[in-house]
Structures are given as C-alpha cells and as structure tokens.
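# Structural overview for review
In case you want the letters, here they are:
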Amino acid sequence: MSESLQPELIMAPLKGITDALFRRVYAAHFSGLDGAVAPFINPQSTAVFADKVLADLQPEANTSLPVTPQLLNTDATGFLALGNRLFELGYRDINWNLGCPVRMVAKKRRGSGLLPYPDAIVALLEAVLPELKPCLSIKMRLGYHDARESLALLPRLDPFPLTGITIHARLGSQLYSGQTDPDAFARCCYLTRHRLTYNGDITSRQVFHELAGRFPAVERWMIGRGLLANPFLPAEIKGEVASGPARLVSLAAFHDELFLALKDRLSGPGHLLGRLKQIWIYFIDAFPGAHRHLKKITRATSEHAYHEAVQAIVGTAE
Ligand SMILES: Cc1cc2nc3c(=O)[nH]c(=O)nc-3n(C[C@H](O)[C@H](O)[C@H](O)COP(=O)(O)O)c2cc1C
C-alpha cells in the first residue's frame, strides 16, 4: 500500500450480528469503512429463494454502506439461482464463502470444509462462472486442516475472473481462536494473481500498521470483531482520532439506537437480549475497565436488568 493512499476497509460478515440493521446503525455513528460483506445466505433445499430469505439484502435496507452479499452454496444450480437473483436486486458483486468453520457446515463440505478439495472448487467455478451475472470474489481460510491446502488451491484459481480473494489467516479447524498466521498469508501472496484482502485479528491501529508494513501490496483489509470491540477503529486507521468524552457519547448513542432498532425488529425480550448479548461479548472492550460488569449483561433476563447493566458499564468508563 502506498503511503499516500488510504487503505480500503471492509466490515467482515458476522452472522447474527452484522445484518443490514447493524450496518445502518454503525454507519450512522462511525466513519472509516468503505464497504461490507454481508453474512452468508443460508443455502435452500430448492433453487427458489423466498423473499424472506433475502429481506436483509433488499436495496432500500442497504443504502448506508456498499454491501456485497455472500453465498455458501456448493451446488451449481442453487449457486446460479441465488447469484443471478441477487444481480436482479442490483448487486454487481457477490462473494463465495470458503471460510465458515462451523462443524455442521464443514462436514457438508461447505465453507472451509471444501478447502481440502480443490478439484470440487474448480469444478464449481467452471460450472457457474459462464452463466453467473454478477462478478465473484472468494473469502477463504488458509485451509481446513493445514495451510498447504491454500497453497495447492490458489494457483488453480488464477485462470478464473475473480474480483478478489479475502484470506482469514487461520485454519478452519481453529474456529475463531488461536494465533493467526501472517507467515502463511505471506506465502499465499506469491501464489496468486488475484487481489488479496487480509482478514483476521486486526484489533488496533498498531496491529494494522504492522500488517500494512509487512504486506505493502495489500490495499484491502477486512475487520470483524475488532470493529465491535472498538467501533472507532476504521476511522483511527484512517487517521481520525476522537477524544475521550466524545468517544463515550458516540458509543452510548450507537448503543441506544441499536437497542431501539433491534427492539422494534425482534419479537420478545428473549430474542432482543440474546442478540444484544452476542454483540456485548466484543463491544465490552470499547469500555476500558468495565469488563467486570459483562456478567450483568449476560445474566440479564429483563430489559430493566439489561439497562442497569449498561448504565454500570457506561458509568465505569466515564
Ligand atoms: C459470530 C461470527 C459470525 C461470522 N459469520 C461469518 C459469515 O457469515 N461469513 C463469513 O465469511 N465469515 C463469518 N465470520 C468470520 C468473520 O467474517 C472473520 O473472517 C473472522 O471473525 C476473522 O476476522 P476478525 O478477527 O476481524 O473478526 C464470522 C465470525 C464470527 C465471530
């Protein structure tokens, strides 16, 4: 990345968290992002996608950030039906998920579970690309069992007209924890002609700058949990720094709008609190010194208890 150019920063897909509602509220309070990849659309048993399945990707719900829908399909018929339907909705780019590590998914040779089978990946691309209307990118891991899987796969992707490849620098078998492996990502850089996006544990400006220094050719970076733990991170990476009191005001306003929007959307306190608890697992890091109050959030069974917990967290951080 040249020093004068700003990096391109993309919100990672986090299923159950970064849906259209979250993306809209986030973008209303924080800057710095250039786009988002939406969480994967569940493959359907028929090639017909009910409108409900695509509700999150309706264009009118996605005006605040450019968004790329994501597919998890591994059957050509379903892939083409969904991809071309998304094109009709206005999407010119879609993304194929070769990264999901969840065992139920990987066992079906979907997500990162397909990475040990490069022939199947190449066969699917050969089957779909001639008829697929939107452009395609891929989001993958270094491998499922072993980083050698990406080394075998990447040269075989060169002939295809992909718009890019995002690599989450972990193995599928690691799920979401354990060390990322930037050395393995470095080896991937030599094995592809495609534009690479780096993903995995970009948790601070300093981490970003270390990685950007190491990979000067990489211009695109994807951030997931780091952006929940510090919603200012994309802006900070781009050189904007908010002061202490202003930070807290923005964080509280973001939370309150998110809460109201989710309450409006989700039926019943169980669903609402369940969703918010998912977010707080990471969001708590935005409030230094308040970690001890996280249990109050995770134990809350009523809106009242939840709000008391939020007050304790915001109060501690003041
Ligand atoms: C709760 C959760 C849900 C996720 N859902 C998706 C998904 O739908 N599609 C996908 O490609 N990756 C998904 N991921 C992986 C993230 O997009 C990202 O690759 C991973 O979290 C590493 O980046 P990070 O360290 O910046 O979070 C998910 C991760 C988490 C923690």
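Residues numbered from 1 in each chain as written. Predicted model: local features only at pLDDT ≥ 70, side-chain atom pairs only at ≥ 80, totals over all residues.

The name given to the chain in an unreviewed UniProt entry is tRNA-dihydrouridine synthase, with the source organism recorded as Desulfofustis glycolicus DSM 9705. Turning to the chain, the UniProt record has this under Cofactor (unreviewed entry): "FMN". UniProt, in its Sequence similarities (unreviewed entry) section for the chain, records the words "Belongs to the dus family." (UniProt positions renumbered as here; feature names shortened; annotations may be inferred.)

## Here we look at the packing of helix 10 (residues 244-265) against helix 11 (residues 269-283)
When two helices pack together, their arrangement is captured by the angle between the axes and the distance separating the axes. It is the contact of helix 10 with helix 11, at a shortest axis distance of 9 Å, that shows an interaxial angle of 145 degrees. The crossing of helix 10 and helix 11 is right-handed. Residues Phe259, Leu262 and Lys263 of helix 10 form the contact with helix 11, whose participating residues are Leu272, Arg275 and Leu276. Here the residues of the contact of helix 10 with helix 11 sort into four nonpolar, no polar and two charged. (Axes fitted to C-alpha atoms, helices over the stretch in contact; angles between N-to-C directions. Helix = DSSP H or I, 4+ residues; strand = E, 2+ residues; numbered from the N terminus. Left-handed = near helix turned anticlockwise from the far one by under 90°. Contact = placed C-beta atoms within 7 Å. Nonpolar A, V, L, I, M, F, W, Y, C, P; charged D, E, K, R; others polar.)

## Let's talk about the sheet that holds strand 8 (residues 220-223)
Spatially, the eight strands close up into a barrel ordered 1-2-3-4-5-6-7-8, and their pairing is parallel. Mean inter-strand twist for the sheet, computed between neighbouring axes without regard to direction, equals 30 degrees. Where strand 1 (residues 8-11) lies against strand 2 (residues 35-41), two bridges are found, and the strand directions are parallel. Directly across from Ile10, in strand 2, lies its bridge partner Gly35. Strands strand 5 (135-143), strand 6 (165-171) and strand 7 (196-199) of the sheet are contacted by helix 6 (residues 182-189), whose axis makes an angle of about 145 degrees with strand 6. (Pairing = 2+ DSSP bridges.)

## Description of the packing of helix 4 (residues 118-128) against helix 5 (residues 148-157)
Where helix 4 contacts helix 5, the two axes come as close as 10 Å, and the packing angle between them is 25 degrees. The orientation of helix 4 relative to helix 5 falls into the category roughly parallel. Pair helix 4 / helix 5 crosses with right-handed handedness. From helix 4, Pro118, Ile121 and Val122 reach across to helix 5, where they touch Ala152, Leu153 and Arg156. Among the residues making up the contact of helix 4 with helix 5, the classes are represented as five nonpolar, no polar and one charged. (Parallel < 35°, antiparallel > 145°, perpendicular 65-115°, else oblique.)

## Some points on the site of the ligand
Not every one of the 23 residues close to the ligand is listed here, only the nearest: Ala12, Lys15, Pro39, Gly224 and Arg225. Taken together, the elements giving at least two residues each to the shell around the ligand come down to strand 2 and helix 8 (225-229). Residues belonging to the shell around the ligand are distributed by class as follows: ten nonpolar, nine polar and four charged. (Near = placed C-beta within 6 Å.)

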